[in-house]
Amino acid sequence: MTDNPWLPIDTMPLSTVGTKVDVREDDRAHTGVKVTGIRYEREVINESPLLNDYPEQVIGRIDDFTITHTTGTIRATLKAEWRPHA
């Protein structure tokens, strides 16, 4: 294996596109996948102020990650971790 430490999935930079990484979450593990794209989705929160009839939409925390690679996609939550593949 590798001595690279596991990092939280929300720290995966765009510079990993074109490189190989390992991704794990719970009992699933993907090793040596070549990243072709990273997409994340955020929660949208609807707030209704007391004196205003119109609700406001606020963008919340990152909720879901999709990592595309040469043979498919990996859907991950904030519990997932990644590291550079050695």
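Coordinates for the structure precede this section.
Each chain carries its own residue numbering, running from 1 in the written order of its sequence. The model is predicted, so local features are restricted to residues of pLDDT at least 70 and side-chain atom pairs to those at 80 or more, both for listing and for counting; the totals for chains, interfaces and linings are taken over all residues. In computing side-chain properties, one takes all heavy atoms of the structure into account and sets aside hydrogens as well as water.

Thoughts on the overall build of the chain
- Going along the chain from the N terminus, every DSSP run of H or I of four or more residues is numbered as a helix, and every run of E of two or more is numbered as a strand. Along the chain, the regular secondary structure elements total 0 helices and 6 strands.
- Seen through its C-alpha atoms, the chain measures out along the principal axes to roughly 60 × 20 × 20 Å.
- The burial tally for the chain puts 27% of its 86 residues in the buried class.
- Long-range contacts, defined as pairs at least 24 residues apart, comprise 54% of the intrachain contacts of the chain with a sequence gap of at least 6.
- Split by element, the accessible area of the chain, about 6000 Å² in all, is 52% carbon and sulfur.
- Just so you know, the count uses Lys and Arg for positive and Asp and Glu for negative, and it drops His and the chain ends. To locate a charge, take atom NZ for lysine, CZ for arginine, CG for aspartate or CD for glutamate. Separation of charge centres in the chain, based on 10 positive and 14 negative side chains, amounts to 9 Å. Three labels apply to residues, based on accessible area from a 1.4 Å probe with only protein chains included: buried if under 20% of the type maximum, exposed if over 50%, partly exposed otherwise in between. Whether two residues are in contact is decided by their heavy atoms, any of which lying within 4.5 Å being enough. Per-residue and other accessible areas follow the Shrake-Rupley method at a 1.4 Å probe size, with only the shown protein chains counted as cover for residues.

Some words on the sheet that holds strand β6 (residues 81-84)
- Two strands qualify as a pair provided that DSSP identifies no fewer than 2 bridges between them. Judged by pairing direction, the sheet is antiparallel, and its 6 strands sit side by side in the order β1-β6-β2-β3-β4-β5 without closing on themselves. Of all strands in the sheet, those with a lone pairing partner are β1 (7-8) and β5 (72-76), marking the two edges.

Let's talk about the environment of lysine 20
- By the element assignment, lysine 20 lies in strand β2 (residues 20-25).
- Between the alpha carbons of lysine 20 and valine 33 there is a distance of 5.1 Å; along the sequence they are 13 residues apart.
- Setting aside residues no more than four positions away along its own chain, lysine 20 makes contact with Gly32, Val33, Lys34, Pro84 and His85.

As for the pattern of salt bridges
- One side-chain nitrogen of Lys or Arg within 4 Å of one carboxyl oxygen of Asp or Glu is enough to make a salt bridge. For the coordinates displayed, the defined rule picks out 6 salt bridges.
- A salt bridge links aspartate 22 to arginine 83; the nearest nitrogen and oxygen atoms lie 3.2 Å apart. With aspartate 22 in strand β2 and arginine 83 in strand β6, the pair connects residues that are 61 residues apart, well separated along the chain.
- Given a relative accessible area of 2%, aspartate 22 falls into the buried group.
- On the accessibility criterion, arginine 83 (5% relative accessible area) is buried.
- The shortest N-O distance in the salt bridge between arginine 24 and glutamate 81 comes to 2.8 Å. One end of the pair, arginine 24, is in strand β2; the other, glutamate 81, is in strand β6, with 57 residues separating them in the sequence.
- Accessibility expressed as a relative area gives 25% for glutamate 81, which makes it partly exposed.

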